[in-house]
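# Tertiary structure, described
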Amino acid sequence: MEDEFKIFPYIRERRLRSSKAMRDLVAETAFDTSSLMLPMFIIPGKGKSQKIESMPDVIRQTADIAVSTVSRALNLGIKSFLLFGIPSAKDEMGTGAYDENGVIPDAIKKIKKEYPEALIAADVCMCEYTTHGHCGIIKNGRVDNDLTLPVLAKAAVAYAEAGADVVAPSSMMDGQVRAIRAALNDSGLKDTVIMSYSSKFASSLYGPFREAADSRPAFGDRKTYQMDYRNGRQAMREIELDISEGADIIMVKPAMFYLDLIFTARNRFNLPIAAYSVSGEYSMIKGAAMNGWINENDALMELIYSIKRAGADIMITYYAEKIADMLRQR
Ligand code: PBG
Ligand code: ZN
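A few points on the structure. (Residues numbered from 1 in each chain as written. Chains lettered and ligands numbered in written order. Predicted model: local features only at pLDDT ≥ 70, side-chain atom pairs only at ≥ 80, totals over all residues. Heavy atoms only, no water.)

By the secondary structure assignment, T317 is in strand 12 (residues 314-317). Judged by relative accessible area, T317 falls into the buried class, the value being 3%. There is a polar contact of 2.8 Å between the side chain of T317 and the backbone nitrogen of Y319. Contact partners of T317, with chain neighbours within four places excluded, come to L36, M37, L38, P39, S277, I304 and I323. (Helix = DSSP H or I, 4+ residues; strand = E, 2+ residues; numbered from the N terminus. Buried < 20%, exposed > 50% of the residue type's maximum accessible area, 1.4 Å probe, protein only. Polar contact = N/O pair within 3.5 Å; in protein donor to acceptor, adjacent residues only side chain to side chain. Contact = heavy atoms within 4.5 Å.)

Bringing the pattern of salt bridges into the picture now. Following the criterion strictly, the structure yields ten salt bridges and no others. We note a salt bridge from K286 to D57, for which the minimum N-O separation is 2.7 Å. Of this pair, K286 sits in helix 10 (residues 279-290) while D57 sits in the loop between strand 2 (49-51) and strand 3 (59-62); the two residues are 229 residues apart in sequence, bridging distant segments of the chain. Owing to a relative accessible area of 5%, K286 belongs among the buried residues under this scheme. Classification of D57 by relative accessible area gives exposed; the value is 67%. (Salt bridge = Lys/Arg side-chain N within 4 Å of Asp/Glu carboxyl O.)

With that settled, consider the packing of aromatic side chains. According to the stated counting rule, one finds ten aromatic pairs in the structure shown. Look at F41 and F84: their rings are 5.8 Å apart centre to centre, the planes differ by 35°, and that puts the pair in the tilted class. Of this pair, F41 sits in strand 1 (residues 36-43) while F84 sits in strand 4 (residues 80-85), placing them 43 residues apart in sequence. Considered together, F41 and F84 belong to a single accessibility category, that of buried residues. Members of the aromatic cluster, each reached through a chain of ring pairs, are F41, F84, Y197, F209, Y276, Y282, Y318 and Y319. Between the NZ or CZ atom of K200 and the centre of the ring of Y206, over which it lies, the distance is 5.6 Å. When the ring centre of Y276 is taken as origin, the NZ or CZ atom of K253, which lies over that ring, is 5.1 Å away. (Phe/Tyr/Trp six-rings, centres within 6.5 Å; stacked < 30°, edge-to-face > 60°. Lys NZ or Arg CZ within 6 Å of the ring centre and 35° of its normal.)

With that out of the way, let us pick up the coordination of the zinc ion (ligand 2). Each pair of donors in an ideal four-coordinate tetrahedral metal site encloses 109.5 degrees, whereas pairs in an ideal six-coordinate octahedral site enclose 90 or 180 degrees. Distances from the zinc ion (ligand 2) to its protein donors, namely C125 (SG), C127 (SG) and C135 (SG), fall within the range 2.2 to 2.3 Å. For the zinc ion (ligand 2), the four donor atoms in the first shell make angles of 98 to 121° at the metal, a pattern classed as tetrahedral. Mapping the donors of the zinc ion (ligand 2) onto the primary sequence gives the spacing C-x1-C-x7-C. With C125 in the loop between strand 5 (119-124) and strand 6 (137-139) and C135 in the loop between strand 5 and strand 6, this pair connects stretches of sequence that are ten residues apart. For C125, a relative accessible area of 2% puts it in the buried group. (Donors = N, O, S within 2.8 Å, 3.2 Å for Na, K, Ca; no water. Tetrahedral: all angles 85-135°; square planar, octahedral: opposite > 155°, others 65-115°.)

Let us look at helix 9 (residues 259-268). Every α-helix winds through 3.6 residues per turn, so residues three or four apart in the chain are directed the same way. Buried within helix 9 are the following residues: L261, I262 and A265. The buried residues of helix 9 occupy an angular sector of 105° when the element is viewed end-on, so they sit on one face. Close packing links the buried residues of helix 9 with helix 8 (233-245), strand 10 (249-253), strand 11 (273-277) and helix 11 (296-310). (Arc of directions from axis to C-beta.)

A word on the site of ligand 1. Among the 18 residues in the neighbourhood of ligand 1, the closest are listed as K200, R210, K253, S279 and Y318. At a separation of 2.9 Å, an oxygen atom of ligand 1 approaches a polar side-chain atom of R222. The side chain of K253 places a nitrogen or oxygen atom 3.3 Å from a nitrogen atom of ligand 1. When the free accessible area of ligand 1 is taken as 400 Å², the share hidden by the protein chains comes to 100%. Assessed atom by atom at 2 Å from the grid points, ligand 1 resides in the largest cavity. Looking at the shell around ligand 1 residue by residue, the class counts come to ten nonpolar, three polar and five charged. (Near = heavy atom within 4 Å. Areas by Shrake-Rupley, 256 points an atom, 1.4 Å probe, with all protein chains shown as cover. 1 Å grid on protein atoms, 1.4 Å probe; cavity = no way out; pocket = protein on both sides within 12 Å on 5 of 7 lines; lining within 4 Å. Sits in = over half its atoms within 2 Å of the grid points. Nonpolar A, V, L, I, M, F, W, Y, C, P; charged D, E, K, R; others polar.)

Our next topic: the nonpolar core. Among the nonpolar cores identified, the biggest contains 115 residues, and F41, F81, L83 and Y159 are the most heavily contacted of them. The leading source of residues in this core is helix 5 (residues 145-162), at eleven residues. (Core = buried A, V, L, I, M, F, W, Y, C linked by side-chain atoms within 4.5 Å.)

This part is about the layout of surface pockets. Here the largest pocket defines a volume of roughly 580 Å³. Residue contributions to the lining of the largest pocket peak at six residues, all from helix 11. Taken as a whole, the second largest pocket spans an internal volume of roughly 340 Å³. Taken together, 17 residues make up the lining of the second largest pocket; nearest its centre are D57, V58, R72, Y318 and E321. Of all the secondary structure elements, the ones that give two or more residues to the lining of the second largest pocket are strand 1, strand 3, helix 3 (63-75), helix 10 and helix 12 (320-328). Here the lining of the second largest pocket is built from residues that sort into ten nonpolar, two polar and five charged. (Points joined across faces, edges and corners; volume = space filled by probe spheres on them.)

Structure follows, in structure tokens:
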């Protein structure tokens, strides 16, 4: 203590915080709009956009409107998009997920036709397409892992054939990356990238998404396939397995509440790491801001920098456009 007092007049950390230029000069963390990925909810039809109650300013949109959203985002410097489909009809087996003329293949083609330079990723899961809302095929009241794999593989091939650059399996079935890689290769789609939702937790933060995608499970929950939030080592094992199965990009999801895992994964693996800042993260900030309790812009920048600081390369966020706008104004 005495020593610290002696050096105090000389050493002052506050010098490096004295002005904006000085703070910017010594800032350790930076990213640009190339790291952002914008999720979009696609509905069938034409000329329609719908509000999502629990996600103010986020919409469900038809493919033609999605094309203009992509155009606007590209102008802001956002180059990557993650598509979720909401089909006109759901069924027990989720057949809409792999319909070649379904909502996602159609949207991919329309976007790629106008903007071939836009990077399109398609979420691969069953929950938006099944009447029961689970992420896989149900047998004897349980989500059956191995019955689900071929269906996920068919969906991935349908999206890749429509022109998706990336397929993103999110159902948390064991072996999904391997099944999809094999099916893509068999179909001559050797260059399609797999971004795997490797460590995806059973999280309270998906609530608003489930309203948006109408994918709430009709019975039970997702805890038999999504991870338990008490387990960090297991998350590393999930990532390891996905890498061994052929994943090109790994993901931690959600991002907020799981920054430790992004950090650990960054230090352990050499693949690009995506972090998905999920719907609940968006809605928490938006909701508090709408009540005047926090400043939206400040909060969302603090969140996104925390995700980057933890070590994410790719950041998936519903705030992508707002962030891009803010990066421009600095
Ligand atoms: C589908 C899927 C979900 C999300 C991404 N893909 C929902 C879920 O698992 O229930 C959540 C994304 C978000 O909350 O923003 N498996
Ligand atoms: Zn799902």
